[in-house]
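Residues per chain, in single letters:
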Amino acid sequence: MIPAPLSLAENAWQASALAHRHRVDRYAAPYLARRSAGAKHPVEDFLFTYYTQKPGQLSRWHPGAGTVLTGTAAAERLGWKFYREATPEELEASGAPGQGSGVVLDLGKFLDQRKEAVDFARIILGRTALRPAQFGCFGLHEWAMVYQQEANQVRHEYLELRLGSTGTDQVVEDNKIRCTHFDAYRFYTPQASGLNELRPTRENQRELEQPGCLHANMDLYKWAYKLSPALPSELVMDCFELSWRIRAMDMQASPYDLAAWGYPPIEIETASGKADYVAHQRAFSAESAVLRERLGAALEALGATR
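Rules and cut-offs
Residues numbered from 1 in each chain as written. Predicted model: local features only at pLDDT ≥ 70, side-chain atom pairs only at ≥ 80, totals over all residues. Heavy atoms only, no water. Axes fitted to C-alpha atoms, helices over the stretch in contact; angles between N-to-C directions. Helix = DSSP H or I, 4+ residues; strand = E, 2+ residues; numbered from the N terminus. Parallel < 35°, antiparallel > 145°, perpendicular 65-115°, else oblique. Left-handed = near helix turned anticlockwise from the far one by under 90°. Contact = heavy atoms within 4.5 Å. Nonpolar A, V, L, I, M, F, W, Y, C, P; charged D, E, K, R; others polar. Buried < 20%, exposed > 50% of the residue type's maximum accessible area, 1.4 Å probe, protein only.

Engineer: Summarise the packing of helix α1 (residues 10-37) against helix α14 (residues 233-252); cite the residues concerned and give the values.
Structural biologist: Contact pair α1 / α14: the axes reach a minimum separation of 11 Å and the direction vectors enclose 20°. Judged by the inter-axis angle, α1 sits roughly parallel to α14. Once α1 is placed against α14, the crossing between them reads as left-handed. Residues His-20, Arg-23, Val-24 and Tyr-27 of α1 pack against Ser-233, Glu-234, Met-237, Asp-238, Phe-240, Glu-241 and Trp-244 of α14. A per-class count over the contact of α1 with α14 returns five nonpolar, two polar and four charged.

Engineer: With reference to specific residues and values, describe unusual backbone geometry.
Structural biologist: Following Ser-228, the chain continues to Pro-229 via a peptide bond in cis, the omega torsion being 10°. The backbone phi angle of Phe-82 is positive, close to 75°, even though this residue is not glycine. For Phe-82, a relative accessible area of 5% gives the class buried. The phi angle at Phe-138 is positive, at roughly 55°, despite the residue not being glycine. Looking at the element boundaries, Phe-138 is found in the loop between α6 (115-130) and α7 (140-144).

In structure tokens form, the structure reads like this:
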């Protein structure tokens, strides 16, 4: 059954848009200030530099599919991608027949143009959710990215290694590395890639990703913004903020000395550090399961409303 569209009056949806901009600014404004000053932050720049969604795009509030925005300000969105004027039938069904006009997401056009992204997201989210979570990686992917760094000099050249190059290499050599995430594995140094028990590729990504992986859970933000503007911005930001917190913990467990940046280390080279890492990892996996389910439900709704 196709649900009836909803309508939002201008004052209601503009209040939501303003609240969303304030929510984004908490993260984006410091990043933009640093960028203007030519400064870097090893933790808090990541979501804006690694992922392709830019602050200006993130700050645009979208109600998601099936919501009619009314009022004169809504007409601006007719110049935005994937928006169109609501039909009289949609206005009536949404309970806003007296508004005269409204703007709504053109879901048909979105699904036609973004079919590949929608299909891939549905597969990766669904298959990841069905797999058992693994909690024995201890964040060693970041260590493998600087293994034998002196021969490579490829990662965060402005940061010091907490244990130095020799100590860092020893941690890599003393532990089993079993990373399941291609977009972490692909940044390993050449000397480290052969130490990973698995060989993640873009082709086998759908078969390897599992819900204990920090990077797979960070990527919920990626799948959310790739489905924008068909998803509500509140869901996208929920994924963003989880990814932000995961990134912070990921870097605390990394080989870098980030104490001066306000990020005390999780010393995964010790038994207590490993236990601390797993506790955080389990908590993030539980949070991510909820968001993964919400994203899956949103995807199914997109198909149902077409």
